[in-house]
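# Remarks on the overall topology
Read off the chains here:
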Amino acid sequence: MTESERTIPLLPLVTCPTCWHRCAPEEILWVATHSSLIGDSRAGAAEYRRFLPTLFTVDARALDEKGEPCHELACPRCHAIVNRGLLEMEPLFLSILGAPSSGKSFYLATMIHTVGSMLSQQFRLRFENAAPRGNQTITEYVKTLFDYDDRNQLVKLEKTDVAGNGYFQSRVGEQDLLLPRPYLYSVQPDDAHPLHARCREVSRMVCLYDNAGEHFLPGAVTALTPVIDHMARSEALLFIYDPTQESAFRRACRSCHQGSLDPQLEPGTNTYPQADVLSEAAARVKQLTGMSATEKFDRPLIVIVQKFDVWRYLLDKSLNLLDEAVSMEDNGTATLRLEILQQVSDVIEDLLNRYGSSIVTAARGFAREVIFIPVTATGRSPIIAGTDANGRLDLRFDPSQIAPRWVELPFLYALHRAGARAGKASLIPATRLSMVAPSEVLRRERKD
Ligand SMILES: Nc1nc2c(ncn2[C@@H]2O[C@H](COP(=O)(O)OP(=O)(O)OP(=O)(O)O)[C@@H](O)[C@H]2O)c(=O)[nH]1
Ligand SMILES: [Mg+2]
Ligand SMILES: [Zn+2]
(Lines give C-alpha, C1' and ligand atoms only; values in the text may rest on other atoms or scores of the structure.)
(Ligands and ions follow the chains in the order given, each with its own letter.)
Protein backbone atom coordinates (compact mmCIF):
# COMPACT_ATOMS: atom_id res chain seq x y z
CA MET A 1 0.00 0.00 0.00
CA THR A 2 1.23 3.51 -0.74
CA GLU A 3 1.21 6.51 1.56
CA SER A 4 -1.70 8.08 -0.33
CA GLU A 5 -3.78 4.93 0.13
CA ARG A 6 -3.13 5.12 3.83
CA THR A 7 -5.54 8.04 4.04
CA ILE A 8 -8.14 5.25 4.19
CA PRO A 9 -7.66 3.64 7.61
CA LEU A 10 -6.58 0.06 7.07
CA LEU A 11 -6.78 -2.82 9.50
CA PRO A 12 -3.45 -3.64 11.17
CA LEU A 13 -3.77 -7.23 9.92
CA VAL A 14 -5.57 -8.58 6.88
CA THR A 15 -6.90 -12.15 6.79
CA CYS A 16 -6.91 -14.05 3.48
CA PRO A 17 -10.39 -15.58 3.12
CA THR A 18 -8.99 -18.50 1.10
CA CYS A 19 -6.09 -19.80 3.24
CA TRP A 20 -6.69 -17.65 6.40
CA HIS A 21 -3.08 -16.40 6.42
CA ARG A 22 -2.79 -13.10 8.28
CA CYS A 23 -0.42 -10.39 7.15
CA ALA A 24 0.16 -6.66 7.34
CA PRO A 25 -1.50 -4.64 4.53
CA GLU A 26 1.91 -3.74 3.08
CA GLU A 27 2.66 -7.41 2.46
CA ILE A 28 -0.40 -7.81 0.21
CA LEU A 29 0.50 -8.51 -3.44
CA TRP A 30 -1.02 -7.00 -6.58
CA VAL A 31 -2.21 -8.85 -9.67
CA ALA A 32 -0.60 -7.82 -12.98
CA THR A 33 -2.91 -6.85 -15.86
CA HIS A 34 -0.57 -6.70 -18.88
CA SER A 35 -1.42 -9.55 -21.26
CA SER A 36 2.20 -10.77 -21.39
CA LEU A 37 2.27 -11.31 -17.61
CA ILE A 38 0.09 -14.40 -17.57
CA GLY A 39 1.17 -17.36 -15.44
CA ASP A 40 1.73 -17.26 -11.70
CA SER A 41 4.05 -19.47 -9.64
CA ARG A 42 1.36 -20.34 -7.08
CA ALA A 43 -2.06 -19.52 -8.59
CA GLY A 44 -1.30 -21.38 -11.84
CA ALA A 45 -0.67 -20.91 -15.56
CA ALA A 46 -4.06 -19.31 -16.28
CA GLU A 47 -3.68 -16.54 -13.69
CA TYR A 48 -1.92 -13.19 -14.00
CA ARG A 49 1.34 -12.81 -12.10
CA ARG A 50 1.21 -11.66 -8.48
CA PHE A 51 3.89 -9.16 -7.39
CA LEU A 52 4.94 -6.72 -4.68
CA PRO A 53 4.84 -3.30 -6.35
CA THR A 54 7.35 -0.49 -6.29
CA LEU A 55 5.63 1.96 -8.65
CA PHE A 56 2.13 3.46 -8.32
CA THR A 57 -0.18 5.72 -10.32
CA VAL A 58 -1.26 9.03 -8.73
CA ASP A 59 -4.52 7.39 -7.61
CA ALA A 60 -2.52 4.70 -5.77
CA ARG A 61 -2.88 1.81 -8.21
CA ALA A 62 0.20 -0.39 -8.50
CA LEU A 63 1.92 -0.55 -11.89
CA ASP A 64 2.99 -3.97 -13.12
CA GLU A 65 6.42 -4.48 -14.70
CA LYS A 66 5.02 -3.50 -18.12
CA GLY A 67 3.65 -0.24 -16.67
CA GLU A 68 -0.04 -1.26 -16.68
CA PRO A 69 -2.15 -0.06 -13.74
CA CYS A 70 -3.56 -2.92 -11.65
CA HIS A 71 -6.72 -3.24 -9.55
CA GLU A 72 -6.75 -6.59 -7.83
CA LEU A 73 -4.92 -7.67 -4.68
CA ALA A 74 -3.71 -11.13 -3.71
CA CYS A 75 -2.61 -13.09 -0.65
CA PRO A 76 1.17 -13.36 -0.25
CA ARG A 77 0.83 -17.01 0.81
CA CYS A 78 -1.70 -18.71 -1.49
CA HIS A 79 -1.94 -15.93 -4.15
CA ALA A 80 -5.76 -16.06 -4.16
CA ILE A 81 -7.54 -12.73 -4.74
CA VAL A 82 -8.02 -10.66 -1.58
CA ASN A 83 -11.03 -8.39 -1.77
CA ARG A 84 -10.15 -4.74 -1.09
CA GLY A 85 -12.90 -4.50 1.53
CA LEU A 86 -10.95 -6.97 3.68
CA LEU A 87 -8.26 -4.31 4.19
CA GLU A 88 -10.80 -2.05 5.86
CA MET A 89 -13.49 -4.29 7.35
CA GLU A 90 -13.06 -7.07 9.89
CA PRO A 91 -13.98 -10.42 8.34
CA LEU A 92 -16.81 -12.47 9.80
CA PHE A 93 -16.34 -16.11 8.88
CA LEU A 94 -19.41 -18.31 8.97
CA SER A 95 -19.15 -22.00 8.16
CA ILE A 96 -22.01 -24.00 6.73
CA LEU A 97 -21.50 -27.69 7.35
CA GLY A 98 -23.50 -30.86 6.98
CA ALA A 99 -23.78 -34.24 5.28
CA PRO A 100 -24.16 -34.63 1.50
CA SER A 101 -27.69 -33.67 0.29
CA SER A 102 -28.62 -32.15 3.65
CA GLY A 103 -29.62 -28.92 1.86
CA LYS A 104 -26.55 -26.67 2.36
CA SER A 105 -26.54 -25.12 -1.12
CA PHE A 106 -30.32 -24.55 -1.11
CA TYR A 107 -29.99 -23.01 2.33
CA LEU A 108 -27.17 -20.69 1.28
CA ALA A 109 -28.93 -19.58 -1.92
CA THR A 110 -32.29 -18.89 -0.29
CA MET A 111 -30.69 -17.15 2.70
CA ILE A 112 -28.68 -14.82 0.45
CA HIS A 113 -31.81 -14.10 -1.59
CA THR A 114 -33.91 -13.30 1.47
CA VAL A 115 -31.62 -11.62 3.95
CA GLY A 116 -30.63 -8.49 2.01
CA SER A 117 -34.07 -6.88 1.95
CA MET A 118 -34.71 -7.74 5.59
CA LEU A 119 -31.38 -6.24 6.66
CA SER A 120 -32.01 -3.05 4.74
CA GLN A 121 -35.71 -2.51 5.45
CA GLN A 122 -35.84 -3.67 9.04
CA PHE A 123 -32.30 -3.46 10.45
CA ARG A 124 -31.12 -0.45 8.42
CA LEU A 125 -28.04 -2.36 7.24
CA ARG A 126 -26.60 -2.43 3.73
CA PHE A 127 -25.93 -6.00 2.63
CA GLU A 128 -23.87 -5.96 -0.54
CA ASN A 129 -22.41 -8.46 -2.92
CA ALA A 130 -18.76 -7.50 -2.29
CA ALA A 131 -17.24 -9.73 -4.98
CA PRO A 132 -19.55 -10.07 -8.01
CA ARG A 133 -17.05 -12.29 -9.85
CA GLY A 134 -16.08 -14.44 -6.87
CA ASN A 135 -19.71 -14.80 -5.74
CA GLN A 136 -20.91 -15.86 -9.18
CA THR A 137 -21.83 -19.40 -8.13
CA ILE A 138 -24.20 -18.15 -5.44
CA THR A 139 -25.62 -15.50 -7.78
CA GLU A 140 -26.33 -18.27 -10.30
CA TYR A 141 -28.00 -20.37 -7.59
CA VAL A 142 -30.25 -17.45 -6.69
CA LYS A 143 -31.07 -16.79 -10.36
CA THR A 144 -31.91 -20.44 -10.94
CA LEU A 145 -34.35 -20.56 -8.04
CA PHE A 146 -35.93 -17.10 -8.17
CA ASP A 147 -35.41 -15.49 -11.63
CA TYR A 148 -37.44 -17.71 -13.89
CA ASP A 149 -39.20 -17.01 -17.18
CA ASP A 150 -41.22 -20.16 -17.43
CA ARG A 151 -42.63 -21.91 -14.37
CA ASN A 152 -42.94 -25.14 -16.33
CA GLN A 153 -39.18 -25.27 -16.61
CA LEU A 154 -38.39 -27.23 -13.42
CA VAL A 155 -35.22 -26.15 -11.61
CA LYS A 156 -32.58 -27.64 -9.32
CA LEU A 157 -29.15 -26.82 -7.93
CA GLU A 158 -26.37 -29.17 -8.92
CA LYS A 159 -24.70 -31.17 -6.22
CA THR A 160 -21.60 -29.33 -4.96
CA ASP A 161 -18.41 -30.88 -6.35
CA VAL A 162 -15.60 -32.12 -4.14
CA ALA A 163 -13.01 -30.42 -6.41
CA GLY A 164 -12.93 -28.22 -9.52
CA ASN A 165 -14.18 -24.69 -10.06
CA GLY A 166 -15.60 -24.23 -6.59
CA TYR A 167 -12.07 -24.48 -5.15
CA PHE A 168 -8.78 -22.65 -5.53
CA GLN A 169 -5.62 -24.59 -6.29
CA SER A 170 -2.37 -23.17 -5.06
CA ARG A 171 1.22 -24.35 -4.90
CA VAL A 172 2.53 -23.29 -1.51
CA GLY A 173 6.12 -24.33 -0.78
CA GLU A 174 6.47 -27.79 -2.32
CA GLN A 175 2.81 -28.65 -1.89
CA ASP A 176 -0.28 -28.41 -4.08
CA LEU A 177 -3.17 -27.25 -1.91
CA LEU A 178 -6.88 -27.42 -2.62
CA LEU A 179 -8.53 -24.46 -0.89
CA PRO A 180 -12.21 -23.45 -0.65
CA ARG A 181 -13.42 -20.36 -2.51
CA PRO A 182 -15.00 -17.80 -0.19
CA TYR A 183 -18.21 -15.92 -0.96
CA LEU A 184 -18.05 -12.34 0.31
CA TYR A 185 -20.88 -10.00 1.34
CA SER A 186 -20.39 -6.75 3.24
CA VAL A 187 -22.72 -5.64 6.02
CA GLN A 188 -22.61 -1.93 6.89
CA PRO A 189 -24.92 0.40 8.82
CA ASP A 190 -26.90 2.78 6.58
CA ASP A 191 -27.49 6.48 7.34
CA ALA A 192 -30.45 5.72 9.60
CA HIS A 193 -28.72 3.01 11.68
CA PRO A 194 -27.88 4.04 15.26
CA LEU A 195 -24.25 2.93 14.72
CA HIS A 196 -23.79 4.82 11.47
CA ALA A 197 -21.17 7.12 13.02
CA ARG A 198 -19.12 4.03 13.97
CA CYS A 199 -19.46 2.51 10.51
CA ARG A 200 -15.74 1.68 10.11
CA GLU A 201 -15.53 -0.11 13.41
CA VAL A 202 -18.73 -2.17 13.21
CA SER A 203 -18.99 -3.06 9.50
CA ARG A 204 -18.11 -6.64 8.67
CA MET A 205 -17.13 -8.59 5.58
CA VAL A 206 -19.08 -11.82 5.82
CA CYS A 207 -17.13 -14.79 4.36
CA LEU A 208 -19.20 -17.88 3.58
CA TYR A 209 -18.24 -21.23 2.06
CA ASP A 210 -20.26 -23.91 0.27
CA ASN A 211 -18.49 -27.25 0.62
CA ALA A 212 -19.49 -30.61 -0.77
CA GLY A 213 -20.98 -32.70 2.03
CA GLU A 214 -18.35 -35.39 1.32
CA HIS A 215 -15.72 -33.05 2.78
CA PHE A 216 -17.33 -33.49 6.18
CA LEU A 217 -17.27 -37.28 6.07
CA PRO A 218 -14.62 -39.04 8.20
CA GLY A 219 -11.15 -39.02 6.66
CA ALA A 220 -11.98 -36.72 3.73
CA VAL A 221 -9.69 -33.86 4.67
CA THR A 222 -5.89 -33.92 4.73
CA ALA A 223 -3.19 -31.29 5.19
CA LEU A 224 -3.25 -30.81 1.39
CA THR A 225 -7.02 -30.29 1.22
CA PRO A 226 -7.86 -27.96 4.10
CA VAL A 227 -11.22 -27.24 2.45
CA ILE A 228 -13.23 -27.18 5.68
CA ASP A 229 -10.69 -25.47 7.91
CA HIS A 230 -12.69 -22.22 7.77
CA MET A 231 -14.54 -23.82 10.70
CA ALA A 232 -11.64 -22.93 13.00
CA ARG A 233 -11.99 -19.23 12.08
CA SER A 234 -15.78 -19.16 12.18
CA GLU A 235 -17.65 -17.02 14.63
CA ALA A 236 -20.59 -19.41 14.42
CA LEU A 237 -20.96 -22.87 12.94
CA LEU A 238 -24.15 -23.42 10.96
CA PHE A 239 -24.73 -27.18 10.97
CA ILE A 240 -27.39 -28.20 8.46
CA TYR A 241 -29.28 -31.17 9.87
CA ASP A 242 -31.59 -33.06 7.54
CA PRO A 243 -34.28 -35.10 9.34
CA THR A 244 -35.10 -36.91 6.08
CA GLN A 245 -31.76 -38.73 6.47
CA GLU A 246 -32.59 -40.07 9.95
CA SER A 247 -34.35 -43.44 9.97
CA ALA A 248 -36.68 -42.71 12.93
CA PHE A 249 -37.74 -39.43 11.32
CA ARG A 250 -38.27 -41.15 7.98
CA ARG A 251 -40.46 -43.84 9.52
CA ALA A 252 -42.48 -41.30 11.52
CA CYS A 253 -42.93 -38.97 8.52
CA ARG A 254 -44.07 -41.83 6.30
CA SER A 255 -46.57 -43.17 8.82
CA CYS A 256 -48.01 -39.83 9.88
CA HIS A 257 -51.58 -39.63 8.50
CA GLN A 258 -51.16 -36.16 6.96
CA GLY A 259 -47.64 -37.27 6.15
CA SER A 260 -45.33 -35.94 3.52
CA LEU A 261 -44.87 -37.67 0.18
CA ASP A 262 -41.42 -36.20 -0.24
CA PRO A 263 -39.35 -38.49 -2.49
CA GLN A 264 -36.41 -38.06 -0.11
CA LEU A 265 -38.28 -40.28 2.37
CA GLU A 266 -38.39 -43.20 -0.06
CA PRO A 267 -36.55 -46.31 1.08
CA GLY A 268 -33.22 -46.62 -0.72
CA THR A 269 -32.31 -42.92 -0.82
CA ASN A 270 -28.81 -42.19 0.45
CA THR A 271 -28.48 -41.29 4.10
CA TYR A 272 -25.45 -40.34 6.18
CA PRO A 273 -24.76 -40.62 9.94
CA GLN A 274 -25.17 -36.93 10.70
CA ALA A 275 -24.15 -37.07 14.37
CA ASP A 276 -20.84 -38.59 13.23
CA VAL A 277 -20.48 -35.79 10.67
CA LEU A 278 -20.87 -33.24 13.45
CA SER A 279 -18.52 -35.12 15.79
CA GLU A 280 -15.90 -35.34 13.05
CA ALA A 281 -16.20 -31.60 12.41
CA ALA A 282 -15.93 -30.98 16.15
CA ALA A 283 -12.74 -33.06 16.31
CA ARG A 284 -11.24 -31.08 13.42
CA VAL A 285 -12.11 -27.75 15.05
CA LYS A 286 -10.58 -28.90 18.34
CA GLN A 287 -7.42 -30.03 16.56
CA LEU A 288 -7.08 -26.75 14.61
CA THR A 289 -7.78 -24.47 17.55
CA GLY A 290 -5.73 -26.47 20.08
CA MET A 291 -8.71 -27.13 22.35
CA SER A 292 -8.42 -29.97 24.85
CA ALA A 293 -10.71 -32.98 24.52
CA THR A 294 -12.79 -31.89 27.51
CA GLU A 295 -13.06 -28.21 26.59
CA LYS A 296 -16.23 -26.90 24.95
CA PHE A 297 -16.35 -24.77 21.82
CA ASP A 298 -16.96 -21.19 22.91
CA ARG A 299 -18.81 -19.91 19.84
CA PRO A 300 -22.42 -20.58 18.91
CA LEU A 301 -23.33 -23.83 17.21
CA ILE A 302 -26.51 -23.20 15.23
CA VAL A 303 -28.20 -26.45 14.28
CA ILE A 304 -30.35 -25.58 11.28
CA VAL A 305 -33.03 -28.24 11.05
CA GLN A 306 -33.71 -28.14 7.30
CA LYS A 307 -36.66 -29.31 5.18
CA PHE A 308 -39.28 -28.23 7.75
CA ASP A 309 -41.90 -28.67 5.00
CA VAL A 310 -41.36 -32.46 5.27
CA TRP A 311 -41.29 -33.05 9.06
CA ARG A 312 -43.63 -30.30 10.29
CA TYR A 313 -46.48 -32.80 10.70
CA LEU A 314 -44.60 -34.46 13.56
CA LEU A 315 -45.05 -31.39 15.76
CA ASP A 316 -48.10 -31.00 17.93
CA LYS A 317 -47.54 -27.23 18.20
CA SER A 318 -47.45 -24.59 15.51
CA LEU A 319 -44.14 -22.77 15.09
CA ASN A 320 -45.81 -19.72 13.56
CA LEU A 321 -44.52 -17.57 16.40
CA LEU A 322 -41.15 -17.74 14.65
CA ASP A 323 -42.64 -15.32 12.10
CA GLU A 324 -42.56 -12.76 14.95
CA ALA A 325 -38.86 -13.33 15.75
CA VAL A 326 -38.01 -9.95 14.23
CA SER A 327 -40.12 -7.16 15.67
CA MET A 328 -40.21 -3.47 14.79
CA GLU A 329 -39.75 -1.02 17.65
CA ASP A 330 -41.50 2.35 17.94
CA ASN A 331 -38.30 4.10 16.82
CA GLY A 332 -38.47 2.26 13.47
CA THR A 333 -35.59 -0.17 14.07
CA ALA A 334 -35.89 -3.92 14.35
CA THR A 335 -35.00 -6.25 17.22
CA LEU A 336 -34.26 -9.95 17.11
CA ARG A 337 -36.40 -11.60 19.76
CA LEU A 338 -34.14 -14.16 21.37
CA GLU A 339 -36.88 -15.42 23.67
CA ILE A 340 -38.87 -16.60 20.64
CA LEU A 341 -35.83 -18.28 19.09
CA GLN A 342 -35.16 -19.96 22.40
CA GLN A 343 -38.73 -21.16 22.84
CA VAL A 344 -38.75 -22.69 19.36
CA SER A 345 -35.28 -24.16 19.90
CA ASP A 346 -36.60 -25.98 22.98
CA VAL A 347 -39.51 -27.43 21.00
CA ILE A 348 -37.17 -28.62 18.24
CA GLU A 349 -34.72 -30.08 20.73
CA ASP A 350 -37.55 -32.12 22.28
CA LEU A 351 -38.55 -33.39 18.85
CA LEU A 352 -34.94 -34.30 18.01
CA ASN A 353 -34.62 -36.11 21.33
CA ARG A 354 -37.55 -38.24 20.23
CA TYR A 355 -36.43 -39.03 16.68
CA GLY A 356 -32.71 -38.27 16.40
CA SER A 357 -31.22 -37.84 19.86
CA SER A 358 -27.67 -38.58 18.69
CA ILE A 359 -27.47 -35.15 17.04
CA VAL A 360 -28.48 -33.43 20.28
CA THR A 361 -25.84 -35.40 22.20
CA ALA A 362 -23.17 -34.55 19.62
CA ALA A 363 -24.11 -30.85 19.56
CA ARG A 364 -24.33 -30.44 23.33
CA GLY A 365 -21.12 -32.44 23.78
CA PHE A 366 -19.23 -30.10 21.50
CA ALA A 367 -20.45 -26.54 22.07
CA ARG A 368 -21.39 -24.49 25.11
CA GLU A 369 -24.05 -22.56 23.23
CA VAL A 370 -26.37 -24.55 20.99
CA ILE A 371 -29.51 -23.31 19.32
CA PHE A 372 -31.84 -25.29 17.06
CA ILE A 373 -33.59 -23.33 14.31
CA PRO A 374 -36.07 -24.95 11.89
CA VAL A 375 -36.02 -23.76 8.29
CA THR A 376 -37.28 -24.76 4.90
CA ALA A 377 -35.36 -23.48 1.91
CA THR A 378 -38.00 -24.41 -0.63
CA GLY A 379 -41.23 -24.58 1.37
CA ARG A 380 -42.20 -27.77 -0.43
CA SER A 381 -41.03 -31.10 -1.70
CA PRO A 382 -39.21 -31.60 -4.97
CA ILE A 383 -40.81 -33.34 -7.94
CA ILE A 384 -39.21 -36.43 -9.47
CA ALA A 385 -38.17 -35.37 -12.98
CA GLY A 386 -36.49 -38.67 -13.89
CA THR A 387 -33.30 -40.44 -12.89
CA ASP A 388 -29.79 -39.19 -13.56
CA ALA A 389 -26.90 -41.02 -15.25
CA ASN A 390 -25.99 -42.71 -11.94
CA GLY A 391 -29.54 -43.95 -11.39
CA ARG A 392 -30.24 -41.34 -8.69
CA LEU A 393 -33.57 -39.53 -8.59
CA ASP A 394 -33.45 -36.22 -10.47
CA LEU A 395 -35.27 -33.93 -8.01
CA ARG A 396 -36.49 -30.54 -9.24
CA PHE A 397 -38.80 -27.71 -8.22
CA ASP A 398 -41.46 -25.61 -9.88
CA PRO A 399 -39.71 -22.22 -9.36
CA SER A 400 -43.01 -20.37 -8.87
CA GLN A 401 -43.70 -22.55 -5.83
CA ILE A 402 -40.43 -22.01 -3.96
CA ALA A 403 -41.20 -20.30 -0.66
CA PRO A 404 -38.36 -20.27 1.88
CA ARG A 405 -39.24 -19.86 5.52
CA TRP A 406 -37.10 -18.56 8.40
CA VAL A 407 -33.85 -18.94 6.41
CA GLU A 408 -32.66 -15.49 7.50
CA LEU A 409 -32.94 -16.24 11.24
CA PRO A 410 -29.75 -18.33 11.65
CA PHE A 411 -27.77 -15.60 9.86
CA LEU A 412 -29.29 -12.81 11.98
CA TYR A 413 -28.56 -14.80 15.12
CA ALA A 414 -24.94 -15.40 14.05
CA LEU A 415 -24.46 -11.70 13.25
CA HIS A 416 -25.97 -10.70 16.57
CA ARG A 417 -23.81 -13.11 18.57
CA ALA A 418 -20.63 -12.14 16.68
CA GLY A 419 -21.10 -8.52 17.75
CA ALA A 420 -22.03 -9.43 21.31
CA ARG A 421 -19.07 -11.79 21.68
CA ALA A 422 -16.61 -9.18 20.45
CA GLY A 423 -17.96 -6.86 23.15
CA LYS A 424 -18.89 -4.39 20.43
CA ALA A 425 -22.24 -2.80 19.83
CA SER A 426 -24.08 -5.36 17.72
CA LEU A 427 -25.30 -4.63 14.21
CA ILE A 428 -28.36 -6.74 15.03
CA PRO A 429 -29.97 -5.56 18.28
CA ALA A 430 -31.72 -8.28 20.23
CA THR A 431 -33.82 -8.62 23.35
CA ARG A 432 -31.55 -8.80 26.39
CA LEU A 433 -30.68 -12.29 27.58
CA SER A 434 -32.05 -11.49 31.02
CA MET A 435 -35.48 -11.09 29.42
CA VAL A 436 -35.32 -14.55 27.98
CA ALA A 437 -37.16 -17.31 29.78
CA PRO A 438 -34.67 -19.58 31.52
CA SER A 439 -33.93 -22.66 29.46
CA GLU A 440 -31.33 -25.34 29.38
CA VAL A 441 -29.03 -23.38 27.07
CA LEU A 442 -29.11 -20.23 29.12
CA ARG A 443 -28.72 -22.02 32.42
CA ARG A 444 -25.61 -23.64 30.99
CA GLU A 445 -24.29 -20.34 29.73
CA ARG A 446 -24.63 -18.68 33.13
CA LYS A 447 -22.94 -21.58 34.88
CA ASP A 448 -19.86 -21.50 32.62
N1 LIG B 1 -38.33 -30.92 0.93
C2 LIG B 1 -37.26 -30.16 0.85
N3 LIG B 1 -36.20 -30.56 0.12
C4 LIG B 1 -35.11 -29.74 0.06
C5 LIG B 1 -35.05 -28.49 0.72
N6 LIG B 1 -33.84 -27.93 0.47
C7 LIG B 1 -33.18 -28.79 -0.33
N8 LIG B 1 -33.94 -29.88 -0.59
C9 LIG B 1 -33.57 -31.07 -1.39
O10 LIG B 1 -32.36 -31.58 -0.85
C11 LIG B 1 -31.49 -32.00 -1.88
C12 LIG B 1 -30.09 -31.59 -1.54
O13 LIG B 1 -29.98 -30.17 -1.45
P14 LIG B 1 -28.59 -29.42 -1.64
O15 LIG B 1 -28.76 -28.05 -1.15
O16 LIG B 1 -28.06 -29.63 -3.00
O17 LIG B 1 -27.70 -30.26 -0.60
P18 LIG B 1 -26.18 -30.04 -0.20
O19 LIG B 1 -26.12 -30.19 1.28
O20 LIG B 1 -25.66 -28.79 -0.80
O21 LIG B 1 -25.52 -31.32 -0.86
P22 LIG B 1 -23.99 -31.53 -1.37
O23 LIG B 1 -23.68 -30.42 -2.28
O24 LIG B 1 -24.03 -32.86 -2.04
O25 LIG B 1 -23.14 -31.57 -0.14
C26 LIG B 1 -31.99 -31.36 -3.17
O27 LIG B 1 -32.26 -32.41 -4.07
C28 LIG B 1 -33.29 -30.69 -2.84
O29 LIG B 1 -34.25 -31.25 -3.64
C30 LIG B 1 -36.19 -28.09 1.49
O31 LIG B 1 -36.23 -27.02 2.11
N32 LIG B 1 -37.26 -28.95 1.51
MG1 LIG C 1 -24.21 -28.38 -2.14
ZN1 LIG D 1 -4.19 -16.98 1.17
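Thresholds applied
- Residues numbered from 1 in each chain as written.
- Chains lettered and ligands numbered in written order.
- Predicted model: local features only at pLDDT ≥ 70, side-chain atom pairs only at ≥ 80, totals over all residues.
- Helix = DSSP H or I, 4+ residues; strand = E, 2+ residues; numbered from the N terminus.
- Rg over C-alpha atoms; globule rule 2.2 N^0.38 Å.
- Buried ≥ 20, exposed ≤ 12 C-beta atoms within 10 Å, placed from the backbone.
- Contact = placed C-beta atoms within 7 Å.
- Near = placed C-beta within 6 Å.
- Nonpolar A, V, L, I, M, F, W, Y, C, P; charged D, E, K, R; others polar.
- Core = buried A, V, L, I, M, F, W, Y, C linked by C-beta atoms within 7 Å.
- Domains from an automatic or database assignment.
- Pairing = 2+ DSSP bridges.
- Axes fitted to C-alpha atoms, helices over the stretch in contact; angles between N-to-C directions.

### What to know about the overall build of the protein chain
Looking only at helices and strands, the protein chain features 10 helices and 21 strands. Computed over the C-alpha atoms, the radius of gyration of the protein chain is 23 Å, within 12% of the 22 Å expected from 2.2 N^0.38 for a compact globule of 448 residues. Seen through its C-alpha atoms, the protein chain measures out along the principal axes to roughly 70 × 55 × 50 Å. Buried positions account for 44% of the 448 residues belonging to the protein chain. When contacts within the protein chain are restricted to residue pairs at least 6 apart in sequence, long-range pairs at least 24 apart make up 75% of them.

### Re the site of ligand 1
Close to ligand 1 lie 24 residues, the nearest being Lys-104, Ser-105, Phe-106, Thr-160 and Gly-213. The set of elements that each furnish at least two residues to the shell around ligand 1 consists of helix 1 (104-121) and helix 6 (308-311). In terms of residue count, helix 1 provides more of the shell around ligand 1 than any other element does, three residues in total. Looking at the shell around ligand 1 residue by residue, the classes come out as eight nonpolar, 11 polar and five charged.

### A look at the nonpolar core
One finds Phe-239, Ile-302, Val-303 and Ile-304 to be the most contacted residues of the largest nonpolar core, which totals 123 residues. Element by element, the count of residues in this core is highest for helix 1, at eight residues. When residues of this core are assigned to domains, at least three map to each of domain 1 (4-85) and domain 2 (90-447). Excluding anything up to four places from it in sequence, Ile-304 contacts Tyr-107, Leu-238, Phe-239, Ile-240, Tyr-241, Ile-373, Val-375 and Pro-410.

### Comments concerning the domain arrangement of the protein chain
One can read the domain layout of the protein chain as domain 1 (4-85) and domain 2 (90-447). Between domain 1 and domain 2, the C-alpha centre-to-centre distance is 32 Å. Every contact between the two is made by 18 residues of domain 1 and, on the other side, 20 residues of domain 2.

### A short note on the sheet that holds strand 14 (residues 204-208)
Strands sit in the order 10-13-14-9-15-16-19 across an open sheet of seven strands; the sheet is mixed. Of all strands in the sheet, those with a lone pairing partner are strand 10 (125-129) and strand 19 (370-374), marking the two edges. The sheet shows a mean angle of 25° between the axes of neighbouring strands, taken without regard to direction. Pairing of strand 15 (residues 236-241) with strand 16 (residues 301-305), which is carried by five bridges, proceeds in the parallel orientation.

### Concerning unusual backbone geometry
Positive phi is not limited to glycine here, since Arg-124 has a value of about 55°. Here Arg-124 lies in the loop between helix 1 and strand 10. Phi at Trp-406 takes a positive value of approximately 65°, unusual for a residue other than glycine. Tracing the backbone through its elements, the reader meets Trp-406 in the loop between strand 21 (393-396) and helix 9 (408-421). Since 21 C-beta atoms lie within 10 Å of it, Trp-406 is described here as buried.

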